[in-house]
Amino acid sequence: MEANEARRVIESLRKGIPPDGFVRNFTVGRREEIKELQRRLSDVDGTALLLKANYGAGKSHLIRFIREEALEQRFVVSVVSLDSSSAIRFNRMDQIFGAICRNIEVPQRFGIRGIRTLFDFLKVEIGENDSADFWSRLSNKGRWDYSDALESQALFVAFRAYMTEDANVQMLVEDWMYNPSQYHTQRKKLYECLVSGLRAHFREPRSDKRFYADQVFIFNTQAYHQSWAALRDINCLARAAGLKGLVILFDEFEDVITNLRNVAHQEAAFWNLFHFYSGKQFPGKTFYAVTPGFVEKCKVRLLEKGRWDMDLSMFDALPKFEMSPLDRQHLFSLGEKIVEIHGTAYEWDARSSVSRNDLEDWIKEATTVQMQDRTRQAITTTVKRLDTLFQDTE
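Quick look at the structure, then.

### Quick notes on the layout of surface pockets
Rolled over the atoms, a probe with the dimensions of a water molecule shows which regions are left empty. For the second largest pocket, the calculated volume is near 200 Å³. Together, 13 residues line the second largest pocket, and Val 79, Val 80, Ser 81, Asn 103 and Arg 113 are the ones closest to its centre. At the level of elements, α3 (59-72) and β2 (76-81) are the ones that each hand at least two residues to the lining of the second largest pocket. Here the lining of the second largest pocket gets four residues from one element, more than from any other, and that element is α3. Partitioned by chemical class, the residues of the lining of the second largest pocket number four nonpolar, three polar and six charged.

### Some details on the packing of aromatic side chains
Counted according to the given criterion, the structure contains 28 aromatic pairs. Relative to Tyr 212, the ring of Tyr 191 has its centre 6.1 Å away and its plane inclined at 65°; by these criteria the two rings are edge-to-face. A residue pair is termed long-range when its members are at least 10 positions apart, and Tyr 191 in helix α9 (residues 187-194) and Tyr 212 in helix α10 (residues 208-213) qualify at 21 residues. For Tyr 191, a relative accessible area of 7% translates into the label buried. Given a relative accessible area of 21%, Tyr 212 falls into the partly exposed group. Plain terms: the ring middles of Phe 211 and Phe 217 are 5.7 Å apart, the flat faces sit at 15° to each other, and that makes the pair stacked. Accessibility expressed as a relative area gives 1% for Phe 217, which makes it buried. By the ring-pair criterion, three or more aromatic residues cluster together here, those being Phe 90, Trp 228, Phe 250, Phe 253, Phe 276, Phe 282, Tyr 288 and Phe 294.

### Observations concerning the nonpolar core
Formed by 85 residues in total, the largest nonpolar core has its most connected members in Phe 90 and Trp 176. A total of eight residues in this core trace back to one element, the largest contributor, which is helix α7 (residues 153-162). What Trp 176 contacts, discounting residues up to four positions off in sequence, is Ala 154, Val 157, Ala 158, Tyr 183, Leu 190, Leu 194, Val 216, Phe 217 and Phe 219. Core analysis: the next-biggest nonpolar cluster, separate from the first, contains 26 residues, Val 9, Val 354, Trp 362 and Leu 386 among them.

### Considering helix α1 (residues 3-13)
Since there are 3.6 residues in each turn of an α-helix, residues three or four apart along the chain are aligned in direction. Considered for burial, the residues of α1 that qualify are Ala 3, Ala 6, Val 9, Ile 10, Ser 12 and Leu 13. Considering only its buried residues, α1 is in contact with α16 (328-346) and α19 (374-393).

### Topic: the pattern of salt bridges
Enumeration according to the criterion identifies 26 salt bridges in this entry. The shortest N-O distance in the salt bridge between Asp 20 and Arg 64 comes to 3.1 Å. Of this pair, Asp 20 sits in the loop between α1 and α2 (31-42) while Arg 64 sits in helix α3, and the two are 44 residues apart along the sequence. A relative accessible area of 33% means that Asp 20 is categorised as partly exposed. Note on Arg 64: relative accessible area 19%, which makes it buried. Bridged by salt links that share partners, the residues Asp 20, Arg 64, Arg 67, Glu 105 and Arg 113 form one connected network.

### Quick word on the environment of Gln 391
Within the secondary structure, Gln 391 is located in helix α19. Residue Gln 391 is classed as exposed on the basis of its relative accessible area of 51%. For the pair formed by Gln 391 and Val 44, sequence separation is 347 residues and the distance between their alpha carbons is 51 Å.

### With respect to the state of the cysteines
Overall, the coordinates contain zero disulfides when judged by the stated rule. The structure places no disulfide on Cys 101, whose sulfur is separated from the nearest cysteine sulfur, that of Cys 236, by 15 Å. Using a relative accessible area of 0% as the deciding quantity, one classes Cys 101 as buried.

Calculation criteria
Residues numbered from 1 in each chain as written. Predicted model: local features only at pLDDT ≥ 70, side-chain atom pairs only at ≥ 80, totals over all residues. Heavy atoms only, no water. 1 Å grid on protein atoms, 1.4 Å probe; cavity = no way out; pocket = protein on both sides within 12 Å on 5 of 7 lines; lining within 4 Å. Points joined across faces, edges and corners; volume = space filled by probe spheres on them. Helix = DSSP H or I, 4+ residues; strand = E, 2+ residues; numbered from the N terminus. Nonpolar A, V, L, I, M, F, W, Y, C, P; charged D, E, K, R; others polar. Phe/Tyr/Trp six-rings, centres within 6.5 Å; stacked < 30°, edge-to-face > 60°. Buried < 20%, exposed > 50% of the residue type's maximum accessible area, 1.4 Å probe, protein only. Core = buried A, V, L, I, M, F, W, Y, C linked by side-chain atoms within 4.5 Å. Contact = heavy atoms within 4.5 Å. Salt bridge = Lys/Arg side-chain N within 4 Å of Asp/Glu carboxyl O. Disulfide = S-S within 2.5 Å.

Everything listed is a geometric property; what it means functionally is a separate question.
Okay, structure coming up:
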């Protein structure tokens, strides 16, 4: 790590969190648990996994760790936060699909998010990895009048239009994929801009009436059929481009209890969770950050609202993973990493200036706070003490 990069890391650590791209560097201890997460990613089958931890005790860190690991393993990744400020409801699969498109990332383009970066990647990579003639099936041998490779007519129309490389068209495609729920009443605009206005680029035998009758531009009808189909297609396109598929990470998943007040909406959100778990609607991998009491809270909520017909045992069947809290030795190891990086960042001999007893005292001081704040406190305390020592050496 060079000095400029190390300084960026330290600046983030001053706030108690490692920066994007370095989360795995600051994931210490618990090797068997980490190996289990890595195994879940490497498994060829899809999976849904509840990541359990108390508030402030590492849920988001786990999400960020899996994100980095998945990108390293050559998955397409999307991290979706369901906190109250995001205006994303888990009972609305069209909103979920839009959020996934907004946050999607591909390997080797770290930190660049959005459906545009995926489409640009696919345009280059599918042809190079096309051992099964996928591009021919995708475009009907370049005619682009229909596709044997994709289920979602909307995603096919969007990708086909994006391939024309018209800047205005690409911006409209991007906005449509990001906000499909806002285009339910704009079918004519989508047809004129993405179909009839582009006939010089491809064949399209269907009339506008056929498009409207088939609900090509709609993501929220027929039990959100098109939203699910488009997710499956993204997973399929990623694999055709030589990647391992799509991994979706849901942070702050407790939102389905705390901010969905309507029990019918909550019930619909739970069914979407079960659909992800079954793998029938989406064959890729999904992870959900929750607190340890999440399952019981869900069951109590449904019983309190008289929802007796849902099989509550389905909640118990959801696979769960709980990372054990860091002990003092783990935090000491974390402190050692910070000492080394601080020395690199400011080009001083931090390791010689900090004794083992000094570092142990700092960690001991940090661990006097409540359990869920210990890791962040250990990080900020160590950085603060190192800053002071460095200033004294100047």
